Every structure is written in C-alpha cells, then in structure tokens.
Amino acid sequence: MLSALTSHFQSSTLGALSRQFSTQMPLSRSEILKCIGDKPISEDKALFERANDVTKSVYGNKVFLRGIIEFSNHCAKNCNYCGIRRDHPDPERYEMSQDDILETIKWAHEKRYAGILLQSGEVGTQDRVDFVADTLKKARKLTGDKVRYILSLGELTDDQYYQLLQAGADRYLLRMETSNPALYAKLHPQDGHHDWLKRLNCVKSLVGMGYQVATGVMTGLPGQTKDDLADDIEMFNELGIDMIGLGPYIPQVKTPTADAWMAERGRDSIELTADDKAKMLLDTIRMLATIRLCNPDVNIAATTALQALKDDGREWALESGANVVMPILTPKTFRAEYQLYQNKPCIDDSASECMGCMDRRVRSIGKTLCFGELGDPKHFTDRIKKV
Ligand code: SF4
C-alpha cells in the first residue's frame, strides 16, 4: 500500500512538499497491527492510557472546540454509504440562506467558539464556491481573526481552493474514507465522479497550499481488513495531515453499502445489536489511540458518531487520544435532514443545548473545553515554520 501511495506522490511536486513534512513512524507495522487488533482488556487499557498520556504531553488537559454548520444537504455525489447521497429518497433538501449562516456564526462567536466548520454535500459549481467565499468574507468582518474557519465542501479545483483560502478559510476537511483504492471503489459508484486518486491529489493540494488539513477514514466498513486500517494510519503520516477524524461505519437505510453490510453478516436489518455497538466502538477507539501514538502533535476529533454507539463514546475517545470536539450548530429545523448515518445523535437539540451538554461531558473526565482558543495543531505550526 505504502509503495503505491509513494508512487502517486512522486508524480506530483505538491506530493514532494507534503512528503517533506511527514514524520518518522513512531510504531512499526507489526506494533500498529498489534495495537488495533484483538487483545486482552488489560492491554487495551494500557494502550488507551498511553495515548492519553501522549495527548496530555502536547496539549495538556485542553479540549478544543469547533462548531459545525451543515449549511446545505444538496450533493452531486452518490457515495454508496451516505444518507444524503444524490439518489437517496429520504432527506428533504435544504440550503441555509447567507443571512442564516452569518446569524449562526455571530451566535457562535458570541459564545466564544474559535473554530467554525462550514459543511455541505459536494456541489463543485463556481456559483457555490463564490457563495461560500462571499460568506467567509462577511463572516471575517463579524469575527476578525478570533475564529478559524474550516471548510468541508469536497473535491474542488486548485483555483477554487485558493479562492477560498484568500477569502478567509484557514482549514479544510476532506475525508479519504479509506487508504485502499479497491475498497474505495466498492464504496462508490463507478460513474466517473468518484475517483480515489483524484481525492488524494486534492488532499495533497490542500497541504501544499497552506491550509491546515484534516482528513479521516471509517472503521468497520464491509470488506475492510486490519491491514487496510494500518495502511490508513501510514497514509496520515505520508500526507502530512494536521487533524484526523475517525468514525465508525454506521449503516444508513436505503444505501448500497448497508446492503453489503447486511449480506456480510447474513442479516435482513441494519439495526445494531448491543454487541455490534460494543465491537464497533472498541475497534474505533483502538484505532484512534494508535493514531495518537503515531501522530503525537496532530489534532484528533472525538466524533459525534461515537456517541451514536454509546452515550459516553466521545468521552472515551477524549481519554484515549482525541483532543477536539465538534458540536453541531445547524439550526434545529434542518438537523434531521443531514443524517449521513442512522440514529445520528443531537438531532433534537438546539446549539445552546449541545454546547452545555458538551461542556458537562468534558468536565466529567477532568478536562477543559477551551472557549475562545484557536487550537491550532502543533503539527501545523511546526510544518509552517519549516517552509
Ligand atoms: S459522503 Fe459527502 S460527497 Fe458523498 S454523497 Fe454524502 S455528502 Fe455527498
């Protein structure tokens, strides 16, 4: 896998730039496989504690806060696992107006959110990019440099990424979903619009352009192996990623990947059993802790999906290597229509309720939610110094 990735990198000058920043892997391949594999509970506990210690050595007890505004669920893509894919019949499609987005940003700024993520389905038109760029410029006037703006808009051209950077974006989240091109092909229709290599090149462009770059993968995908997951970890290091988000694959109704998930288990329902949830959560936390050991200075998110598996799933992640939480700020009226996966939590909560809940959860494990703190990953500040 790594040699395949490396040959892709060698075909690009941006690849050379990202490779320059990648660090030596602190763990060998066999150590990574051991960490993410099944083992006695005492060894898992030691792994999680070690990951927490490494996190504390770089970030102390701080947990950084980013608010997510899901401003549109329109999507031109048709990823096989996704609840808002183009052909999914259920979601009522919406677009928040610019005024509503700016109003939500103003509220978040007043509540001392220092990171705001603008997220939507993938619509790569120039009109959409111009709209986001204009919104960013107006948002900057409201908040000055007290907020880092993160975008998650999918694959765009280099010119469009640069336009958004110039308009005020600081960070970009583009999830690879898997480092395995063959697995990626199974997760996406072969219609010429879902190309793993194109996505990889987008991530490399973003790293080379000066964005703080986040990516992520899913664990527990149908057909995924432990070697795939070990490759994912090596991919993060190869790419020079600054922030990593890791989510368990949770089947969503009326999607092709959910059908594959059921077939793999010989079931006719996507309902998760208690054993399913426990295994999915444990596998994801093992992966998260291992990522922390391999990447001491990146930011790692405790994603909302973990809470879908266990009420305190996010707290467990924060005690095992994660140092970022991302409550949803999307107005309540739209939340139910942005369900990428089944039983997404917080759908019925207001932004205010989410914030209070998150603060309580973080305090309950003896950590501090950092209001008003930008929370740049040390990995990024160090790599920028080297340029
Ligand atoms: S995963 Fe993203 S790009 Fe794919 S269908 Fe869902 S919203 Fe669209």
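What counts, and at which threshold
- Residue positions are given per chain, counted from 1 along the sequence in the order it is written.
- Thresholds applied to this predicted model are a pLDDT of at least 70 for local features of residues and 80 or more for the giving and counting of side-chain atom pairs; totals over whole chains, interfaces and linings are not thresholded and use all residues.
- To obtain the side-chain values, all non-hydrogen atoms of the structure were included, while hydrogens and water were left out.
- Per the convention used, a helix needs a DSSP run of H or I reaching at least four residues, while a strand needs a run of E reaching at least two, with both numbered from the N terminus.
- Here's how the labels work: a residue is buried when its accessible area is under 20% of the maximum for its type, exposed when over 50%, partly exposed in between, all with a 1.4 Å probe on protein chains only.
- The criterion used for residue contact is that any of the two residues' heavy atoms lie within 4.5 Å.
- Here the accessible surface of atoms and residues is derived via Shrake-Rupley with a 1.4 Å probe, and residues count as covered only by protein chains that are part of the display.
- Think of it this way: a Phe, Tyr or Trp ring, Trp meaning its six-membered ring, pairs with another when their centres are within 6.5 Å, and the plane angle makes it stacked under 30 degrees, edge-to-face over 60, tilted otherwise.
- Think of a 1 Å grid over the protein atoms and nothing else: a 1.4 Å probe that fits but is trapped marks a cavity, an open set flanked by protein within 12 Å on at least five of seven lines marks a pocket, and residues with an atom within 4 Å of a point count as lining.
- Grid points are joined across faces, edges and corners, and a volume is the space filled by probe spheres set on the points.
- By convention in these notes, a salt bridge is any Lys or Arg side-chain nitrogen within 4 Å of a carboxyl oxygen on Asp or Glu.
- A helix is expected to span 1.5 Å multiplied by its residue count minus one.
- Throughout, the arc means the angular range of directions from the helix axis out to the C-beta atoms.
- Throughout, nonpolar core names a set of buried Ala, Val, Leu, Ile, Met, Phe, Trp, Tyr and Cys residues whose side chains join them through atoms within 4.5 Å.
- UniProt positions are given in the numbering used here, feature names are shortened, and annotations may be inferred rather than shown by experiment.
- For helices, the fitted line uses only the C-alpha atoms of the stretch in contact; every axis is such a line through C-alpha atoms, and the angle between N-to-C directions lies from 0 to 180 degrees.
- By the definition used in this description, the sense in which the near helix is turned from the far one sets the handedness, with an anticlockwise turn below a right angle giving left-handed and a clockwise turn giving right-handed.
- Throughout this description, any angle smaller than 35 degrees is read as roughly parallel, any larger than 145 degrees as roughly antiparallel, any in the 65 to 115 degree range as roughly perpendicular, and the remainder as oblique.

Per an unreviewed UniProt entry, the chain carries the name Iron hydrogenase maturase HydE and comes from Carpediemonas membranifera.

A.B. asks: Help me out: how do you make sense of the overall build of the chain in this one?
C.D. replies: The secondary structure content of the chain amounts to 17 helices and 10 strands. Counting all 387 residues of the chain, 58% fall into the buried class. Taking contacts inside the chain between residues at least 6 apart in sequence as the whole, the part at least 24 apart equals 76%. Here the chain displays about 15400 Å² of accessible surface, and carbon together with sulfur accounts for 52% of that area.

A.B. asks: Teacher, can you tell me more about the packing of aromatic side chains here?
C.D. replies: One pass over the structure, following the stated rule, counts seven aromatic pairs. Each ring, one from phenylalanine 71 and one from phenylalanine 131, has its centre 6.5 Å from the other, and the planes form 40°; the classification is tilted. Of this pair, phenylalanine 71 sits in strand β2 (residues 67–72) while phenylalanine 131 sits in helix α6 (residues 126–143), placing them 60 residues apart in sequence. What makes phenylalanine 71 buried here is its relative accessible area of 2%. When the ring of tryptophan 107 is compared with that of tyrosine 113, the centres are 6.3 Å apart and the planes differ by 40°; the resulting orientation is tilted. On the accessibility criterion, tyrosine 113 (1% relative accessible area) is buried. By the ring-pair criterion, three or more aromatic residues cluster together here, those being Tyr161, Tyr172 and Tyr211.

A.B. asks: Got a minute to help me understand the layout of surface pockets in this structure?
C.D. replies: Here the idea is plain: a probe the size of a water molecule rolls over the atoms and shows the empty space left. Counted as a void, the largest pocket has a volume near 330 Å³. As for the largest pocket, its lining consists of 17 residues, of which Gly220, Leu221, Arg265, Lys279 and Asp283 are closest to the centre. Within the residue set of the lining of the largest pocket, elements represented by two or more residues are α10 (226–239), α11 (256–265) and α12 (274–294). Counting residues per element, the lining of the largest pocket draws most heavily on α12, which supplies five residues. Its boundaries defined by the atoms lining it, the second largest pocket holds a volume of some 190 Å³.

A.B. asks: Any chance you could explain the pattern of salt bridges here in plain terms?
C.D. replies: A side chain of one charge can pair with a side chain of the opposite charge when the charged atoms of the two come close. Within this structure, the stated rule accounts for 33 salt bridges. The partner of lysine 254 in a salt bridge is aspartate 90, with the nearest N and O atoms 2.8 Å apart. Residue lysine 254 is located in the loop between β7 (243–248) and α11, and its partner aspartate 90 is located in the loop between β2 and α5 (98–110); the two are separated by 164 residues in the primary sequence. Judged by its relative accessible area of 55%, lysine 254 falls in the exposed class. According to the relative accessible area criterion, aspartate 90 is partly exposed, its value standing at 42%. Across the pair aspartate 170 and arginine 140 runs a salt bridge, and its minimum N-O distance is 2.7 Å. Of the two residues, aspartate 170 sits in the loop between α7 (158–167) and β5 (171–173) while arginine 140 sits in helix α6, which places them 30 residues apart along the sequence. Take aspartate 170: its relative accessible area is 18%, and that puts it in the buried class. Taken together, the shared-partner salt bridges connect Asp38, Lys39, Asp44, Lys226, Lys279, Asp283 and Arg286 into one network.

A.B. asks: Honestly, helix α4 (residues 41–59) in this entry has me stumped. Any pointers?
C.D. replies: Residues separated by three or four positions in an α-helix point in the same direction, a consequence of the helix having 3.6 residues per turn. Over its 19 residues, α4 runs 27 Å from end to end, which matches the ideal 27 Å to within 8%, given 1.5 Å per residue. Every buried residue of α4 is accounted for by Asp44, Leu47, Phe48, Ala51, Asn52, Thr55 and Tyr59. Angularly, the buried residues of α4 cover 130° about the axis, an arc narrow enough to put them on a single face. Its buried side turned inward, α4 meets α3 (29–36), β1 (62–65), α12, β8 (299–301), α14 (313–318) and α17 (378–385). Directly after α4, the chain includes glycine 60, whose backbone phi takes a positive value near 60°.

A.B. asks: Whenever I open this one, the nonpolar core confuses me. Can you help?
C.D. replies: One broad trend across soluble globular proteins is that nonpolar side chains are buried collectively. Among the nonpolar cores identified, the biggest contains 101 residues, and Ile105, Leu136, Leu151, Leu164, Tyr172 and Tyr211 are the most heavily contacted of them. For this core, the element with the highest residue contribution is α12, accounting for nine residues. Residue contacts for tyrosine 172: discarding those within four places in its chain leaves Ile150, Leu151, Ser152, Leu153, Gly154, Leu156, Tyr161, Leu206, Tyr211, Gln212, Val213 and Ala214.

A.B. asks: Hey, could you run me through the UniProt feature "binding site: [4Fe-4S] cluster" (unreviewed entry) in the chain in this one?
C.D. replies: Residues given the UniProt feature "binding site: [4Fe-4S] cluster" (unreviewed entry) here are Cys75, Cys79 and Cys82. If you trace the backbone, cysteine 75 turns up in the loop between β2 and α5. Look at cysteine 75 and you get buried, because its relative accessible area is 19%. Once residues within four sequence positions are removed from consideration, cysteine 75 is found in contact with Ile84, Arg86, Arg93, Gly121, Glu122 and Val123. In contact with cysteine 79, other than residues within four places in its own chain, are Arg85, Leu187, His188, Pro189 and His194.

A.B. asks: Looking at this structure, how should I read the packing of α10 against α12?
C.D. replies: Geometrically, a packed helix pair is captured by the angle between its two axes and the distance between the axes. Remark: α10 packs on α12, axes separated minimally by 10 Å, with the N-to-C direction vectors making an angle of 35°. Judged by the twist between their axes, the crossing of α10 over α12 is right-handed. Each of Lys226, Leu229, Asp232, Ile233, Phe236 and Asn237 in α10 lies in contact with α12, whose residues at this interface are Asp283, Met287, Thr290, Ile291 and Cys294.

A.B. asks: What's the story with the packing of α6 against α7 in this structure? I'm lost.
C.D. replies: Interhelical geometry of α6 versus α7 gives an angle of 15° and a closest axis separation of 8 Å. The angle between α6 and α7 places the two elements in the roughly parallel class. Like other packed secondary-structure pairs, α6 and α7 cross with a definite hand, here right-handed. Taken together, the residues of α7 that come into contact with α6 (itself represented by Gln126, Val129, Asp130, Val132, Ala133, Leu136 and Lys137) are Gln160, Gln163, Leu164 and Ala167.

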